[in-house]
Structure formats: C-alpha cells, structure tokens
Amino acid sequence: MTNAVADPKDRSKDNTAPTVVAKALIEATGLLRAPQRLGPLIQKLVSDKVRVTFEQRHLYSYVTTKRPSAEVLNLLLRWILDAQRPDGGIAAYYSLLTGYSESYPEVTGYIVPTLYDFARATEDRKALAAAEKATNWLLSLQMPTGAFPRGLHGREAQPSVFNTGQILHGLVRAYAETNHPGVLSAAVAAGDWLVDMQQPDGSWSGSGAYQNAAHTYYSMVAWALAELSERAGDRLDSSRFALAAEKNLDWVLTHFRPSGWVDGINLQGHPNYLHFVAYALQGALECGVLLRRNYAVEAVAKSSWVLLRKFETNKYLPGAYERDFKSPLRFTCLTGNAQMACVWLRLFEITDDLCYFNAALKMNEMLKQLIPSRGRPGIVGGVSGSFPVWGQYQPLRYISWGCKFFADALILEQRLKQSFDATAVGILPCAS
Amino acid sequence: MRIVVLSPSAYSETACAMVVRMAELGHVPVGALALSALDRGTLLRKFRQWGWQDFTHYARTKLSPLQKDGQAAVRNPYLRPMLSRGNGIFRSLHEVAAFYRFAVAICRDQNAPESIARLKEWSPDVILFAGGNILRKPLLDVPRLGVLNAHLGLLPEVRGMSSPEWSLLNNVPVGITIHFIDEGIDTGPILRKYEFPEAASCESLDDLRNRLIAFGIEKIAEVIPALDRGTISETAQPDLDCDPQFFVMHEWLKQRAAVRLVNNRRSVVATAHG
C-alpha cells in the first residue's frame, strides 16, 4: 500500500520517494483493486461540486444550529473507533481510492486524550477501552532511547521529535487517567529524549526533525513537555521538562510578526497549511497557559484575531497562506478550521471575550454541515482533509486528526456552554 | 435641508419612516435610492445564499406588504405613528414619494456609477442611511454635509453587527450613536451618543431593536438642524486597529442575550416594587 499524495504528515517522504504524480497514480490504482469505492468517490465529488457551485457564504451563515453537536460528536467518535486497527493503532486516514491506511503512531498518540474526554463527557465504555488499547500499542513502539518512530506503522524506524511530542500528549493523559507507573516511565523516557534532542536556541532541528529543519509548529512538542512537567511534578523532579518547554516557547515567539503571522512553519515543498499555522498557535497558547506566560497568550490572541476577522468577514478560512496571512487559495483545510475553533474557545475561556466564543460556535456549525451522516465506515462521521474534497490538503481522504480536532472542539464547546449557563449569564466584559 | 435616503429595499419601513419624519420637520426629501428586491440577479443570489427555505421566508416577509386582518400592518409598531396616513399607512417608498413628491430610484448597487450620477442630480445636503451596501468614497463625497447613520450601539465600544445583543451580553449600556459614515465599518466621526433609557422595559430582543430604530430616527431628526446651523461638532473615533468589531451573533448567544434582557427587566420591576 502506498501513502500517496504530498503530505508533510507523512514522514516517510524523502528524496528517493516517487514523485507526487507517481504517488497519485499508484494511489489511483486502489480503485482497480476495490472498484466498489467508485460509487462513494463519485458521490462525494458531485456533492462537493454542487455545494461549491450553488452555496454562497453570507453574513448570516452558520448562526443557527442545523445539526445538534452531540449527534455529530457521536459520528466523529464512531469514525475514530471504526479506524482503530486490530493492533490498537488508529489509521491515519480513509482514502476514497485506497481505503484505510495503516495505523499511525503520531495521531494515535494525540487521539488518546480525545477518547478520554469523550468517555468522560458521555460515559462511553468503548471510547475508554479504545484509549487503553491505543496506549498499549504505543508503549510497544517506544524505542530504547525513549523516542517514537516517524511515519506509518512498520514503514520506518527513524526516531521523530514531532511524533514523540504528539505521542507524549497521549501518554501524559493516559497516566493521569490510569496512574499506571509504566505509562509514566514511558512518558518520562520520551520527555528526556526530547530534552536531549533540543538545540541550544530552544528549537528542534537535525536528524529527528522533519526535513532536518526547525519548525515553529513544534510548539506542540513544547506543550507536551509542559504537560509532562505539570502532571509528573509530584512524582519526580520535572523542572527540566518545563525549562525545555519554555525555551522552545520563547524561540517560537520570536517568529511572531507584527501582523500576527507566524514565521518558521518551514515546510519545503508544501504551502503553509492552516493546519500547521494552527498547530503553532495551539502549542504556544497551551504551553503559555501551563507555564503562566501571559505574553505568549497575548501573542497567540493577536494572531488568532486576524484569522477570526478573516473567517467572520469571508465566511471561510483559506486552507493555506503566504506570509502575513495572504492567500489566493479557495479551498479550506477542515482540520485547521477545527483547530482554530479549539484556539478561539480556549481564548474565550482565558480572556472571557465572547467574540472568540461566537466565532467558534459558527466555525463548528460550518464543520457540522460537512460531516457525512451516512455511508460506509471510513466515510460516515469523517472529516475530509479539504473542502472541497479535491482541495490541496489531503485530497480525497477522510483524516483521523481532522476527526480528533473537531471532536475536541465540540467537547470543549459543550463544556463551555455548560459553564456559561452555570454562571447564569454572568458579567462578561469584552476583552478583545 | 435637501435629504436623500438610502434603503435596503423599496419596502423598508425604517426608510419610509425616516423620510416621513424628516418631511414633517420641514426638510425636503429629494430622493430615495433603494436596492432592488425583485431584480432577477438579486433574487438568484439570495436563493444561492439562503437555500429555498430561508428564501421562501424572505419572499413571504419582505417582498409583500404585511397584512393583518385584511388590513395593512407594520412590522415595527413603534414606527406606526410615522407611517400612518389618514386611515392607512405608507407601505413602500413609492407611496411616500408619491405623497411628498420626490423620486425613488431602484438599483442593484448603491455604489454603481449610475447610482452616484442619480444622487448627484438630487444634490442632497445630507444622505440618511437606512440600509444597503457598504458605502464607497464616491458616494460618500456626494452630499454637502455627509452620510448619516443611526448605529444601534454606543460607539466606539460596540462596532459592527448585532450591536444591541452584544451590548447586553457585555454589560455595556444599550444605546444609539449618530455618526457620519466613512469607508470603515462604523468608524466615522461621531455626532451624538444616546443611551436608551427604556432598554430595561423591553420584552424581547425584537422589541428592543424595534424601539431602538424608532429612537434612532428621532435622534437623527434632532441632530440634523444642529448640523445645518453648524452648532454640532463631530468627534473622530480613536485609533480602531485594536478595538473590537462585533460580528453577527450566533443564536445560542442571542438566546443568552434575551435572557439577560428579561433579567434586567425583572430587576427593574423588583426595584420599582421594592
């Protein structure tokens, strides 16, 4: 099986890999192996074409609830559970051409907190069992150094900083839920490896980094280290993790421009997809919150406000950007949208500024309308890489990390709605 | 004063009431520029934007004059005194124009060159904005004194859409601002700000909005003579780069704003009885 079209998430890509076109052709042969996929493929292409042709976003788009959030959340979790492979890992994607991919360690790692959150919110035993199964599989993949491998399962044995950081999110949460000492040991080993791999300037580059380069979206790794420090602090001296997190956070913040744009996404051969911009923001925000660095929250708020205005004005966020948020592109990256909903919801929680909450509610309405409620496993409840589905980011695929981030956004939305109502529509100043 | 009104449609009650009120006060309505509601392109665009359900609702409520018990009614009851004419009411700008003898032009875009040319022909002292497009500089340059808007929130704090609702949720006083329109969104120089004292007695968000619209027309009527005499000064808004602009409110938050309105009303009633 091939892992196809140009994909910075696919760490198996290197100089010897086939060209993008060749990969696409190979992926297209998936239809020859399973022609029954042709129907759903045509159906999706036609429905997206109809939608982009006849629907025009306008001032009142997404202000009303057309689908209940709980219903869509159940569909998303159903997609994730369907995507869990027998080994316990979660598939990276369901391709309309080739079906499910192999298990993907990175995504499996950071889906674990989502499964626990869902289990907590709905008392769903299946989600709990899936989280435990996924954690056990991840533990079996850890390298002696503490690192986790890059790429899809079984493809590569090279250690990856980003994947280790993303898996660390899952391990830290699994430890918090189970108190299992083996999980803590694995998390600490992963954290120690990340600290060892960090450059003096606070970035991660070199052999463990994607394309050997430093990236600002590795703030997600800093966030994981800050979490580890916070959770493990009562059991051992964890200050090294907090220090490494802070060092990276400071390095990332030097890349925030006055326009709010974040430099240093730094993906050669790929545009700056919203997914990665949102990663940089999400990581810096959560890391800043955990380390109590208000200046980080302020920097993220400024950038997020730029994207909020774009979304409110144009009713969609372009899927990729040039410097200073310029974008000529017409497709949208649904995962990035869901991540921005998470960022706006957290900023509302932190600042009490209802404008963020309002934008997130509307973003979630927009995304809810695009989740299939019918179809085979892999399609029903899926979040496509792009809208329309042939857009540049993960074309013709439903991706597991899209479901993860949108589920996170809906769970967070529900929690904030409850707490908002619990304060009896309390006094909320506008802080923007 | 020679007055022109910009309207979102020929059936806008707000625009009709605005013209009638100004005429009653001795000003001279010289024209009204309304967006076309029946234009094929506009209808198609609205159908694409809204889908058939919302479109049908729009057509039912906006394109036909409201009837109640066989008689013409008004959607905003607080405008009834201005819209009443003997036993009937003004139902469209055409009817108001026939009564006060001014021209109504229907257009697809208020900023289009032919719209600007028509406005120049009318040579207004002031243009009153009752709705329509975001206005561009060529249009803004037409009137001698400027284009006036009654914004349903206190500027510069509450800029943008859903202003009464945002005011309620953010515990900012509800009110209106009479200001000149410039090329930004509610960023033009402020002439007067008025808190709305009756906000606490409103029964619903619709009731609040309706009352604010009527209140705004009265306050514009107060400002115009002062503007003509040159006895009112304008205040530029502060640097708005970092100030908030509010966007259309999601219905979930709107419901909370409505709850806040009811709670405010209860507390006022309790204070009055206590």
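Residues numbered from 1 in each chain as written. Chains lettered and ligands numbered in written order. Predicted model: local features only at pLDDT ≥ 70, side-chain atom pairs only at ≥ 80, totals over all residues. Heavy atoms only, no water.

Our focus in this paragraph is the sheet that holds strand β1 (residues 2-7) of chain B. All names here are of chain B. Pairing within the open sheet is mixed, and its 7 strands lie in the order β7-β2-β1-β8-β9-β10-β11. Both outer strands of the open sheet, β7 (103-107) and β11 (190-195), are each paired with one neighbouring strand and no more. Here the strands of the sheet are splayed against their neighbours by 20° on average, with no regard to which way each runs. As paired elements, strand β10 (residues 175-180) and β11 share 5 bridges and run antiparallel to each other. Each residue of the ladder has a partner; that of Thr-177, found in β11, is Lys-193. Along the sheet, helix α8 (residues 205-229) makes contact with β1, β8 (126-129), β9 (146-151), β10 and β11, crossing β10 at roughly 40°. (Pairing = 2+ DSSP bridges. Helix = DSSP H or I, 4+ residues; strand = E, 2+ residues; numbered from the N terminus. Axes fitted to C-alpha atoms, helices over the stretch in contact; angles between N-to-C directions. Contact = heavy atoms within 4.5 Å.)

All names here are of chain A. Here Arg-346 lies in helix α13 (residues 334-351). The class for Arg-346 is buried, based on a relative accessible area of 18%. Residues Arg-346 and Leu-184 lie 162 residues apart in sequence; the distance between their C-alpha atoms is 27 Å. The contacts of Arg-346, once residues within four sequence positions are left out, are Leu-285, Glu-286, Val-289 and Leu-412. For Arg-346, the side chain forms a polar contact with the side chain of Glu-349, separated by 2.7 Å. (Buried < 20%, exposed > 50% of the residue type's maximum accessible area, 1.4 Å probe, protein only. Polar contact = N/O pair within 3.5 Å; in protein donor to acceptor, adjacent residues only side chain to side chain.)

The next subject is the confidence of the model for chain A. Residue and element names in this part refer to chain A. Per-residue confidence for chain A gives a mean pLDDT of 90; residues scoring 70 or more make up 92%. Contacts for the low-pLDDT stretch residues 1-8, under 50 throughout, to residues beyond four places or in other chains number 36 contacts. Low pLDDT, under 50, characterises residues 426-432; the stretch is placed with 23 contacts to residues that sit more than four places away or in other chains. (pLDDT = per-residue confidence, 0-100.)

Moving on, we come to the nonpolar core. Tyr217(A), Trp344(A), Phe357(A), Phe406(A), Leu128(B) and Leu253(B) are the most contacted members of the largest nonpolar core, which has 216 residues in total. Residue contributions to this core peak at 13 residues, all from α8(B). Those residues within four positions of Leu253(B) in sequence are excluded, and the remaining contacts are Leu354(A), Phe357(A), Asn358(A), Leu361(A), Phe420(A), Trp166(B) and Leu169(B). Core analysis: the next-biggest nonpolar cluster, separate from the first, contains 18 residues, Cys107(B), Ile127(B), Leu135(B) and Leu139(B) among them. (Core = buried A, V, L, I, M, F, W, Y, C linked by side-chain atoms within 4.5 Å.)

Residues and elements named next belong to chain B. For helix α1 (residues 13-24), spanning 12 residues, the distance from its first C-alpha to its last is 16 Å, which sits close to the expected 16 Å at 1.5 Å a residue. In terms of burial, α1 is largely enclosed, as 10 of its 12 residues are buried. Within the span of α1, buried status applies to Glu-13, Ala-15, Cys-16, Ala-17, Met-18, Val-19, Val-20, Arg-21, Met-22 and Ala-23. Elements that come into contact with the buried residues of α1 comprise β1, β2 (28-35), α3 (80-83), α4 (93-100), β8 and α8. For α1, the N-terminal cap is Ser-12; the gap from its side-chain oxygen to the backbone nitrogen of Thr-14 is 3.4 Å. Just past α1, the residue Gly-26 takes up positive phi, approximately 100°. (Expected span 1.5 Å × (residues − 1).)

What follows concerns helix α3 (residues 38-54) of chain A. All names here are of chain A. Given a rise of 1.5 Å per residue, 17 residues ought to cover 24 Å, and the 24 Å separating the end C-alpha atoms of α3 matches this to within 8%. Turning to α3, its buried residues number three or more, namely Pro-40, Leu-41, Lys-44 and Asp-48. One side of α3 carries all its buried residues, which in axial view fall inside an arc of 105°. Looking at α3, the residues exposed on the side facing more than 90 degrees away from the buried face are Gln-43 and Phe-54. Packing partners of the buried residues in α3 comprise α2 (30-33), β8 (386-387) and β9 (397-399). (Arc of directions from axis to C-beta.)

Turning our attention to the pattern of salt bridges. Where side chains of opposite charge bring their charged atoms close, a pairing between them can arise. Within the structure shown, the criterion is met by 30 salt bridges over all chains. One salt bridge in this structure joins Lys193(B) and Glu157(B), with 3.9 Å as the shortest N-O distance. Note that Lys193(B) is positioned in strand β11 and Glu157(B) in the loop between β9 and α7 (163-169), a separation of 36 residues in sequence. Here the salt bridges share partners, and the residues they tie into one network are Asp117(A), Arg120(A), Arg173(A) and Glu177(A). (Salt bridge = Lys/Arg side-chain N within 4 Å of Asp/Glu carboxyl O.)

This part takes up the state of the cysteines. All names here are of chain A. Scanning all chains against the criterion turns up 0 disulfides over all chains. Among the cysteines around Cys-342, which has no disulfide bond, Cys-333 carries the closest sulfur, lying 13 Å off. A relative accessible area of 5% means that Cys-342 is categorised as buried. (Disulfide = S-S within 2.5 Å.)

Below, the discussion takes up the pairing of β9(B). Put simply, side chains in a regular strand alternate between the two faces of the sheet. All names here are of chain B. The buried fraction of β9 is high, at 6 of 6 residues. In this structure, β8 lies alongside β9, joined through 3 bridges in parallel fashion. Considered in β9, the bridge of Ile-127 is made with Val-147. Across 4 bridges, the pairing between β9 and β10 is antiparallel.

Of note, the bond from Phe387(A) into Pro388(A) is cis; its omega dihedral lies within 30 degrees of zero at -5°. With respect to the helices and strands, the residue Pro388(A) is situated in the loop between β8 and β9. Cis geometry is found at the peptide bond from Leu155(B) to Pro156(B), where omega equals 5°. Its place among the elements puts Pro156(B) in the loop between β9 and α7. In this structure, Asn179(A) takes a positive phi of about 60° despite not being glycine. Relative to the helices and strands, Asn179(A) is located in the loop between α7 (161-178) and α8 (181-197).

All names here are of chain A. With antiparallel pairing, the 3 strands of this open sheet are ordered in space as β2-β1-β9. The sheet is open, and its two edges are formed by β2 (99-100) and β9, each paired on a single side. In terms of strand pairing, strand β1 (residues 93-95) meets β9 through 3 bridges, oriented antiparallel. Considered in β9, the bridge of Tyr-94 is made with Tyr-398.

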